[in-house]
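Secondary and tertiary structure notes
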Amino acid sequence: MIDRKHIGLELPPHTAEIEKGRLRFFAKATGQTDPVYTDEDAAIAAGHPSLPAPPTFLFCLDMEVPNPFAMLDRLGVELGKILHGEQTFTYYKTVCAGDRVTYRSRVADIFDKKDGALEFIIKETAVTDEDERKVADLKSVIVVRNA
Amino acid sequence: MTPLTFDTVAVGDELPELVTEPISRTTLALYAGASGDHNPIHIDIDFAKTHGMPDVFAHGMLSMAYLARLLTNWVPQEQIKTYHVRFAAITQVGERIRCTGKVVEKLEQDGEKRVRLDIQAAGDNGEIKLAGDAVIALL
């Protein structure tokens, strides 16, 4: 069982840059053919300063740290036992290539079901831009298969 | 195409559905690289087997990205206010993902006219993989 003392644990903040090449790679990997996401002229014509980061991309840049699974290590959870249970995004502004975004995450809750066969980790992340304006809030439910 | 407006959208309206190509091992390798999610459970069959899985399986966030395409095909992305899914079932290699959505509520929120959508992603046999909702601002 995960030690409940970790509820409230704050993870070290980190900052990541949104890169054009990476956005094009993400578009390819997700079958995105809308030129707004790959062609800068189309993005600008749509009112963006550059290629926009698509809706789920902010989740990805939270992994741009030396050990993206550091939280699991800290909680003593094996990577092979986790499943993604739920994901929520609340958006405040669209960010684009060239923007730098900062991630501040905390372990909001840990609980179990089925007599501990399944444990749930709730991770909440606030994403802000270089001017400390809110970009998005992310909430992840991570399921740990103990049985 | 006429832009969607709050007044022209009705509860029950369905979004144009989106069906992906079958998810291959290449799809998973590309998504691992592009997303930065290098969890070997999605790309390394040896790792998957030692963790009780018969094979690698698709990243839930890959289907959430597909479902986001359903939304951004319907409205510009800056109109998406919230986007939530529950991952209900694992997606296996070879499956196509069918993304659908419909308007379930019209509301005023934070001084904006908005609609709530029920959205889902299903596999080849109709099994629900992701189910959730999104709130979209409309003029």
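Residues numbered from 1 in each chain as written. Chains lettered and ligands numbered in written order. Predicted model: local features only at pLDDT ≥ 70, side-chain atom pairs only at ≥ 80, totals over all residues.

Next up on the list: the overall build of chain A. Across its full length, chain A carries four helices and five strands. Reading chain A from its N terminus to its C terminus gives the helix and strand order β-α-α-α-α-β-β-β-β. Counting over 147 residues, chain A shows a buried share of 32%. (Helix = DSSP H or I, 4+ residues; strand = E, 2+ residues; numbered from the N terminus. Buried ≥ 20, exposed ≤ 12 C-beta atoms within 10 Å, placed from the backbone.)

Time to look at the interface of chain B and chain A. Listed as interface residues are 34 residues of chain B and, on the opposing side, 30 residues of chain A. Elements that contribute at least two residues to the side of chain B that touches chain A include exactly α1 (25-35), α3 (60-74) and β2 (80-87) of chain B. Here the side of chain B that touches chain A gets 10 residues from one element, more than from any other, and that element is α3 of chain B. Here the side of chain B that touches chain A is composed, by residue class, of 17 nonpolar, 11 polar and six charged. In this structure, strand β2 (residues 82-91) of chain A lies alongside β2 of chain B, joined through five bridges in antiparallel fashion. Note on β2 of chain B: the bridge partner recorded for Q87 of chain A is V85 of chain B. (Contact = placed C-beta atoms within 7 Å. Nonpolar A, V, L, I, M, F, W, Y, C, P; charged D, E, K, R; others polar. Pairing = 2+ DSSP bridges.)

What follows deals with unusual backbone geometry. The phi angle at D115 of chain A is positive, at roughly 50°, despite the residue not being glycine. The residue D115 of chain A is located in the loop between β3 (100-113) and β4 (118-128) in this model. On the neighbour-count criterion, D115 of chain A (8 C-beta atoms within 10 Å) is exposed. At D110 of chain B, a residue that is not glycine, the phi angle is positive and equals roughly 50°. By secondary structure assignment, the location of D110 of chain B is in the loop between β3 (98-109) and β4 (112-122).

Another point: the packing of helix α1 (residues 20-29) of chain A against α1 of chain B. Interaxial distance between α1 of chain A and α1 of chain B falls to 9 Å at its minimum, and their mutual angle equals 155°. It follows that α1 of chain A is roughly antiparallel to α1 of chain B by the angle criterion. With respect to the hand of their crossing, α1 of chain A and α1 of chain B are arranged in left-handed fashion. Here α1 of chain A contributes F25, F26, K28 and A29 of chain A to the contact with α1 of chain B, which in turn contributes L30, Y31, G33, A34 and S35 of chain B. Taken together, the residues of the contact of α1 of chain A with α1 of chain B sort by class into six nonpolar, two polar and one charged. (Axes fitted to C-alpha atoms, helices over the stretch in contact; angles between N-to-C directions. Parallel < 35°, antiparallel > 145°, perpendicular 65-115°, else oblique. Left-handed = near helix turned anticlockwise from the far one by under 90°.)

The next subject is the pairing of β3 of chain B. All names here are of chain B. Bridge count between strand β1 (residues 18-19) and β3: two bridges; the pairing is antiparallel. Paired with V19 across the strands is R98, a residue of β3. In this sheet, β4 lies alongside β3 in antiparallel orientation, the contact comprising 11 bridges. Directly across from T100, in β4, lies its bridge partner Q120. Once β3 ends, the chain turns through two residues before running back antiparallel as β4, passing D110 with a positive phi of about 50°.

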